[in-house]
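Fold and geometry: a report
Listed below, chain by chain, are the residues.
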Amino acid sequence: MWRSGNRESRVAAEDFMRAVLIVAICSVTLAAQQPAAPTVSSQDLLDGLKDPTKWLTYSGNYSGHRHSPLTQITPENVNQLTAQWTFQTGTLGSFQTTPVVLDAILYVTGYNGNAWAIDARTGRQIWRYRRELPEDLRNCCGTVNRGLGVLGDRLFMATADAHLVALDMRTGGVLYDVQLADYKLGYSATVAPLVVKDKVIVGIAGAEFGIRAFIDAYDVQSGKRAWRFYTTAGPGEPGGNTWPRGDAYLRGGGSIWVTGTYDPQQNLVFYGTGNPGPDYYSNAREGDNLYTASLVALDADTGQLRWHYQFTPHDVHDWDSTQVPVLADITINGQPRKVVMFANRNGFFYTIDRVTGKVIVAKPFVETTWAKEIGSDGRPLLLPGHLPDEEGTKTCPDLGGGTNFMSPSYDPTAGLFFVTARETCATYFGFDQKFKPGEQFEAGGTQRPRDQKNFGALRAIDPVTATMKWEFRYPSVSAAGVLTTASGLVFAGDGDGNVMAFDSRTGKNLWHYNLGYPMRSTAGTTYMLDGRQYLLVPSGSALTAFALPQR
Amino acid sequence: MCRRPMVWLAALWLVNSALVLAQVQDPATKNPAASNPHLGKPESIRSGMMLYRVRCADCHGLDASGYRGPDLMAALAGGATDERIFQTIRKGVPGTEMPPTTAPDDDLLQIIAYLRKLGSVAAPDTPIGNVENGARLFASQCTACHRVGSRGGRIGPDLSRIGVSRSRAALVREVRTPSEWIPPAFEAVTLVTKQGERIRGIKKNEDAFSIQIMDKSERIQGYLKANLQEVVYEKASWMPAFGTDRLSDNDLVDLVGYLSTLRGSDVAVR
């Protein structure tokens, strides 16, 4: 029509052209103003929390510190923290997740195979992914999930039915879905994947079902497996002679429940490994049972074992060593040392040389009755009478341990390691049990002694001496993790549903808020958004964001 | 007389479990105890014994003759079927400390095989003692603190279903030596306020920052620890020990006989 020679038509055509041109120019301008959706690079992951608007890896940085450089919330103003919004999952089951934070969006996993993208400003859902979990799924400790890994525009999630899925960050759509192991045999996965360079690293759990656990690396793009490290050594392999002859190692456990850490200088990933299976019956698996209840240092490119240290040789108390290995460079006796710090479920705190794997110092951080001390060769000096039997033997700590899957935190400025400690004891029973694939295989159990009064505490430990600097006690035990900030704050959770803030140097309690359900695994994360520092706390089926009041 | 409520309860469990099963499983799922492959097998019985020690003995006693929880040998002698026992272990007993479990069927079946092997004692004569006298004693000595149905005090545990949740031996022990084991939510505390006022009560809950109690006038109230000078945790129960000077052996038999008949309607937990 605008090609017509008619004057009115020509005028109309010129107007139309002008309009098209204006729209086109505006569109170009808009596109130029609108930033592209950000993606995550390997350098971003190496940078940790340098950009405080982001939280991209499980422990905040590769070293496992859970320590934020943010200083807007201080010991002086923390008591003014106010809830900004609450997100409710609308499902049963509790959060154990550490959210990924990127570009004002939270990427969060929950119970029963759920994941969400949530507007960090308002708590409003943007998308939801729900994995169809099989009905005959059985795992020891609930279909919990500890969080997502991220690289490029992809999220990575390990699932309760032992798969690794890659999700589109913008839609929650599945990009690929890889089976790690057969859930019907008791395998499951709860860890937040750890992305290192072009690989996504996950571990498998399920040792209560007589499995052989492993740590796997997959190619980020294709989902193809790059390497596998079995946490129980087979015949002919190094460590294979620490198992009885036969196939005990095939159901020897060694679960990976918690995400590891990464040392780029050595190109090593560090993972704590779970207890040997069956849990309690010593005779079923004579020997040290490598590499269970250990710390393993693996080449990030090949999965080759560089070194290992076994915290609890031949564990019979269900003391998984799947706590977060925390890396730091500290000065000991005037010497700069590259160390890995580890508060273990067996009740001891260790500072270990992370180049050699040799223990520098190790001391109990809770009451421990099973070992006198850690000898100069790194082996615990056992005290008699602590093998579980049919009549029951009393040992401290209980099966939940001195600490557990909850994340610790390290404040490099204060030089202190913070951990949620459990003061507990149990009567342990052990007995022979026949193994059936897919069935629970613990060969024992525990009872709480009648007069036992358990309690919990937040403890600050000096890694140079492995001694406690201060503690704050809770009336009941807690499974909440710890978060620290550069302003000198420690955030923690008790077993009664409180999120709390403490002065990191003195342990003085500065703030608490009753969330209504105890936090598990984390004590929240913190990030900057629109010039305000947020504290984001998952507890029960709710995610609550706190900030200081706007002036 | 005391059987009927049990039958009714058993029926309720069955209906309840049928409903639950219908929601999650094939409604035609049989009670696995109907054909228990572990009965009489020495290896299974051994496993059952160990599972029992770990999971059941704390309340029911190492010999299953009851500690805090009921005497299982007497229950077997009283005609409890394996299916009934299976359902009770699986679903727990509402209004008591007996929890439900998600343990594999096989574990439950092995425990049942062990209990059957333990054998059974003669069914107790029901009820033991003079129940009428027991009821009179209860009304005069116990109702200030304990409630049965809609009558009685609230300082001590509600006893409307105590006959279901306690063995006779446990009742005797708890009357004679109540401080030996104090149930959670009935521990005595004294709160000392900043002004020096002392408030005695029964602790209902507590965290690092607050404590919730019921005081002597049955007022339930929470207190901030920041407003208190001190919280004194008392070792002894508020319940007085009823020694033979206060309650003769004969009267104790009557009282326990009466308590054993209390198998009434659901009560609030804690």
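Residues numbered from 1 in each chain as written. Chains lettered and ligands numbered in written order. Predicted model: local features only at pLDDT ≥ 70, side-chain atom pairs only at ≥ 80, totals over all residues. Heavy atoms only, no water.

Notes on the overall build of chain A
Scanning chain A from N- to C-terminus turns up two helices and 38 strands. With the C-alpha coordinates of chain A rotated into their principal frame, the extents come out at 105 × 55 × 45 Å. Of all 551 residues assigned to chain A, the portion counted as buried reaches 62%. In chain A, 59% of the contacts between residues at least 6 apart in sequence involve partners at least 24 apart. Put simply, chain A shows about 21,000 Å² of open surface, and 50% of that area lies on carbon and sulfur atoms. For chain A, the distance from the average position of its 50 positive side-chain charges to the average position of its 53 negative side-chain charges is 3 Å. (Helix = DSSP H or I, 4+ residues; strand = E, 2+ residues; numbered from the N terminus. Buried < 20%, exposed > 50% of the residue type's maximum accessible area, 1.4 Å probe, protein only. Contact = heavy atoms within 4.5 Å. Areas by Shrake-Rupley, 256 points an atom, 1.4 Å probe, with all protein chains shown as cover. Lys, Arg positive; Asp, Glu negative; His and termini not counted. Charge placed at Lys NZ, Arg CZ, Asp CG, Glu CD.)

Observations concerning the confidence of the model for chain B
Residue and element names in this part refer to chain B. With 84% of its residues at a pLDDT of at least 70, chain B reaches an overall mean of 83. Low pLDDT, under 50, characterises residues 1-28; the stretch is placed with 20 contacts to residues that sit more than four places away or in other chains. pLDDT under 50 marks residues 266-270. Its contacts with residues more than four places away, or in other chains, come to six contacts. Under the prediction, the complex receives an ipTM of 0.79, its pTM being 0.85. (pLDDT = per-residue confidence, 0-100.)

Quick word on empty space enclosed by the protein
Residue and element names in this part refer to chain B. Within this structure, the stated rule accounts for three cavities of 30 Å³ or more. Approximately 60 Å³ is the volume found for the largest cavity. Lining the largest cavity, in full, are Tyr67, Arg68, Arg173, Glu174, Thr177, Pro178, Glu180 and Trp181. The residue makeup of the lining of the largest cavity, split by class, is three nonpolar, one polar and four charged. (1 Å grid on protein atoms, 1.4 Å probe; cavity = no way out; pocket = protein on both sides within 12 Å on 5 of 7 lines; lining within 4 Å. Points joined across faces, edges and corners; volume = space filled by probe spheres on them. Nonpolar A, V, L, I, M, F, W, Y, C, P; charged D, E, K, R; others polar.)

Describing the pattern of salt bridges
Tallied over the entire structure, the rule returns 44 salt bridges over all chains. The partner of aspartate 177 of chain A in a salt bridge is arginine 131 of chain A, and the shortest N-O contact between them spans 3.2 Å. With aspartate 177 of chain A in strand E10 (residues 174-179) and arginine 131 of chain A in the loop between strand E6 (125-130) and strand E7 (149-151), this pair connects stretches of sequence that are 46 residues apart. Aspartate 177 of chain A gets classed as partly exposed once you look at its relative accessible area, which sits at 40%. Put simply, Lys453 of chain A together with Glu187, Lys203, Glu206 and Lys225 of chain B are held in one network by salt bridges that share partners. (Salt bridge = Lys/Arg side-chain N within 4 Å of Asp/Glu carboxyl O.)

Here's the deal with the environment of glycine 401 of chain A
Residues and elements named next belong to chain A. Within the element layout of this structure, glycine 401 appears in the loop between strand E25 (393-395) and strand E26 (409-411). Sequence separation between glycine 401 and glycine 347 is 54 residues; the distance between their C-alpha atoms is 6.4 Å. With near-sequence residues (within four places) excluded, glycine 401 lies in contact with Trp319, Arg345, Arg422 and Thr424.

Focus on unusual backbone geometry
All names here are of chain A. With an omega of -5°, the peptide bond between glycine 277 and proline 278 qualifies as cis. Looking at the secondary structure, you find proline 278 in the loop between strand E16 (268-272) and strand E17 (294-299). Cis geometry is found at the peptide bond from leucine 290 to tyrosine 291, where omega equals 0°. By secondary structure assignment, the location of tyrosine 291 is in the loop between E16 and E17.

Points about the sheet that holds strand E29 (residues 444-447) of chain A
Residues and elements named next belong to chain A. Taken in spatial order, the three strands make up an open sheet running E25-E28-E29, and their pairing is antiparallel. Here the strands that pair on one side only, and so sit at the sheet edges, are E25 and E29. Adjacent strand axes in the sheet meet at a mean angle of 35°, parallel and antiparallel pairs treated alike. Of the strand pairs in this sheet, strand E28 (residues 426-430) and E29 are connected by four bridges, and their pairing is antiparallel. Paired with glycine 430 across the two strands is glycine 444, which belongs to E29. (Pairing = 2+ DSSP bridges. Axes fitted to C-alpha atoms, helices over the stretch in contact; angles between N-to-C directions.)

What about helix H5 (residues 82-91) of chain B?
Residue and element names in this part refer to chain B. Summarising burial for H5: seven of the 10 residues are buried, a large majority. Three or more residues of H5 are buried, namely Asp82, Ile85, Phe86, Gln87, Thr88, Ile89 and Arg90. Phi turns positive one or two residues past the end of H5, at glycine 92, with a value near 75°.

A short note on the side chain of arginine 345 of chain A
With respect to the helices and strands, the residue arginine 345 of chain A is situated in the loop between strand E20 (335-343) and strand E21 (348-353). At a separation of 2.7 Å, a polar atom in the side chain of arginine 345 of chain A contacts the main-chain carbonyl oxygen of leucine 399 of chain A. (Polar contact = N/O pair within 3.5 Å; in protein donor to acceptor, adjacent residues only side chain to side chain.)

Concerning the packing of aromatic side chains
Residues and elements named next belong to chain A. In this structure the tally under the stated criterion is 28 aromatic pairs over all chains. Taking the centre distance of 5.3 Å and the plane angle of 50° together, the rings of tryptophan 319 and tryptophan 370 count as tilted. Linking tryptophan 319 in the loop between strand E18 (305-310) and strand E19 (326-332) with tryptophan 370 in the loop between strand E22 (359-364) and strand E23 (371-374), this pair joins segments that are 51 residues apart in sequence. For the residue pair tryptophan 319 and tryptophan 370, the accessibility class agrees, reading buried in each case. Aromatic side chains phenylalanine 418 and tryptophan 470 sit 5.8 Å apart centroid to centroid with 45° between the ring planes, which places their arrangement in the tilted category. Placement of phenylalanine 418 in strand E27 (residues 416-423) and of tryptophan 470 in strand E31 (residues 467-474) is noted, with a sequence separation of 52 residues between them. (Phe/Tyr/Trp six-rings, centres within 6.5 Å; stacked < 30°, edge-to-face > 60°.)

Examining the interface of chain A and chain B
Taken together, the 27 residues of chain A in the interface contact 21 residues of chain B. Buried surface at the junction of chain A and chain B, both sides included, amounts to about 1,900 Å², of which 49% is carbon and sulfur. Linking chain A with chain B are five salt bridges. With a shortest N-O distance of 3.5 Å, glutamate 43 of chain B and lysine 434 of chain A are connected by a salt bridge. The tally of links between chain A and chain B comes to eight residue pairs in polar contact (both at pLDDT 80 or more). (Buried area = accessible area lost by both parts, 1.4 Å probe.)

Quick word on the packing of helix H2 (residues 42-55) of chain B against helix H6 (residues 105-118) of chain B
All names here are of chain B. Packing of H2 against H6 leaves a shortest axis separation of 7 Å and a crossing angle of 100°. In terms of axis orientation, H2 runs roughly perpendicular to H6. Seen from H2, the contacting residues are Ser44, Ile45, Ser47, Gly48, Met49, Leu51, Tyr52 and Arg55; seen from H6, they are Asp107, Gln110, Ile111, Ala113, Tyr114, Leu115 and Lys117. For the contact of H2 with H6, the per-class residue count stands at eight nonpolar, four polar and three charged. (Parallel < 35°, antiparallel > 145°, perpendicular 65-115°, else oblique.)

Comments concerning the nonpolar core
Formed by 59 residues in total, the largest nonpolar core has its most connected members in Tyr107, Phe156, Ile201, Ile204, Ile215 and Val269 of chain A. Ile73, Leu81, Ala545 and Phe546 of chain A belong to the second largest nonpolar core, which has 37 residues in total. (Core = buried A, V, L, I, M, F, W, Y, C linked by side-chain atoms within 4.5 Å.)

Structural notes on the confidence of the model for chain A
Of the residues in chain A, 94% reach a pLDDT of 70 or more, and the chain-wide mean stands at 93. Scored below 50 in pLDDT, residues 1-9 of chain A makes four contacts in the model with residues more than four places away or belonging to other chains.

Some words on the sheet that holds E7 of chain A
Residue and element names in this part refer to chain A. Pairing within the open sheet is antiparallel, and its four strands lie in the order E7-E8-E9-E10. The open sheet has two edge strands, E7 and E10, and neither has a second partner. Mean inter-strand twist for the sheet, computed between neighbouring axes without regard to direction, equals 20°.

Brief notes about helix H7 (residues 131-141) of chain B
Residues and elements named next belong to chain B. Those residues of H7 that fall on the buried side of the exposure criterion are Val131, Asn133, Gly134, Leu137 and Phe138. Projected down its long axis, H7 shows its buried positions confined to an angular sector of 155°, all on one face. When the buried face of H7 is taken as reference, the exposed residues oriented beyond 90 degrees from it are Glu132, Arg136 and Ser140. Where H7 is buried, its residues contact strand E1 (147-148) and helix H10 (249-260). The residue sitting at the N-terminus of H7 and contributing the capping side-chain oxygen is asparagine 130; that oxygen lies 3.0 Å from the backbone nitrogen of glutamate 132. (Arc of directions from axis to C-beta.)

Concerning the environment of proline 518 of chain A
All names here are of chain A. Position of proline 518 relative to the elements: it lies in the loop between strand E35 (509-514) and strand E36 (525-529). Overall, the relative accessible area of 23% leaves proline 518 in the partly exposed class. Here the alpha-carbon distance between proline 518 and arginine 212, two residues 306 residues apart in the chain, equals 32 Å. In this view, proline 518 contacts Asp494, Gly495, Asp496, Gly497, Ser539 and Gly540; residues no more than four positions away in its chain are not counted.

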